[in-house]
Amino acid sequence: MSNADNDDDDSSRLFREAMEDVRPLKSTKTHQRSPKERPLPAATYQARRAAAQRAGRTTGGAALSDAWVEPVGPDQWIHFARTGIQHTRLRQLRMGTLPIQFQLDLHGYSIEEARETTAEFLHFCQRQGFVCVRIIHGKAHRSPDRSVTLKSHINHWLKQIPSVLAFCTAPASEGGTGSVLVLIKRR
C-alpha cells in the first residue's frame, strides 16, 4: 500500500469520525450551541487539516487560502455564482425557495476551526447529494474588530471551493445577513 493510499484512508477515517454524529435536519429550527459546549481543541482541527492537505481533499486539491480576505460588513449582502448557472436556479436560491437539506452553525468557532469545519461540511454534503445547504456565520456583534469576521472568511472561502456553484445571503426568514445559502454541485 502506498503513502497516498494511507493518507486517503486516514483522511476518510478522520472525516467519518468527525461526521459520525451528524444527522440531516428534520425541521427548520436551528440548534444554538450552549456556552458550556466547547468545540474540539485547535490541535484536532490542525491534524485533520494537515491530513486533508496531504490527501489533497480540503477544496478539491488546495487548502483554503486567507491570502487577503475582503472585509464584509455585518449587514452587507454577499453573493457569488459561477458562470453557467441558470438564472432561475439563482433566483430560487436568493428567494430561499430551494429546500435547505442540511446546515452548519459556526457560532463560537475560531477562524481556523471554521475553515476546517466548513471544508469538511461541504465535502460531506456533496458526497451525500445535498444541493442546497445553509451556513450560519453570525454577524459578529460581540466581536471587537467587526471587519475581520467569519462572514468575511466564509465569503472568501466559498469562492475557492469547486463544488460550490453559488451562494448568497439568506432571506430574512432563513437567517438573513447572519447566514448564507449555498448551492452545491452534484457529484
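Residue numbering note: each chain is counted from 1, following its sequence as written. Thresholds applied to this predicted model are a pLDDT of at least 70 for local features of residues and 80 or more for the giving and counting of side-chain atom pairs; totals over whole chains, interfaces and linings are not thresholded and use all residues. Neither water nor hydrogens contribute to the side-chain values; these are computed over all heavy atoms in the structure.

## Considerations on helix H4 (residues 111–128)
Note the threshold: Think of it this way: any DSSP run of H or I at least four residues long counts as a helix, any run of E at least two long counts as a strand, and we number them from the N terminus. In this analysis, the expected span of each helix is defined as 1.5 Å times one less than the number of residues it contains.
For H4, which comprises 18 residues, the first-to-last C-alpha distance of 25 Å matches the rise-based estimate of 26 Å (1.5 Å per residue) to within 8%. At the C-terminal side of H4, Gly 129 shows a positive phi close to 85°.

## Quick word on the packing of aromatic side chains
To keep things clear, this is the line we draw: In this scheme Phe, Tyr and Trp rings, the latter by its six-membered ring, pair at centre separations within 6.5 Å, and the angle between planes marks the pair as stacked below 30 degrees, edge-to-face above 60, and tilted otherwise. Think of it in three bands: with a 1.4 Å probe and only protein chains considered, a residue is buried below 20% of the maximum accessible area for its type, exposed above 50%, and partly exposed in between.
Per the stated rule, a full pass over the model turns up five aromatic pairs. The interplanar angle of 40° and the centroid separation of 5.8 Å between the aromatic rings of Phe 15 and Phe 124 together place this pair among those described as tilted. Of this pair, Phe 15 sits in helix H1 (residues 3–19) while Phe 124 sits in helix H4, and the two are 109 residues apart along the sequence. As far as burial versus exposure is concerned, Phe 15 and Phe 124 are alike and both buried. Clustering of aromatic rings is evident, with ring pairs tying together Phe 15, Phe 102, Phe 121, Phe 124 and Phe 130.

## Focus: the side chain of Ser 163
Rules: Contacts between residues were defined by any pair of non-hydrogen atoms, one from each residue, lying within 4.5 Å.
With respect to the secondary-structure elements, Ser 163 resides in the loop between helix H5 (150–158) and strand E4 (164–169). Overall, Ser 163 belongs to the buried group, its relative accessible area being 9%. The contacts of Ser 163, once residues within four sequence positions are left out, are Gln 126, Leu 183, Ile 184 and Lys 185.

Such coordinate-based values are descriptive only and should not be taken to indicate function.
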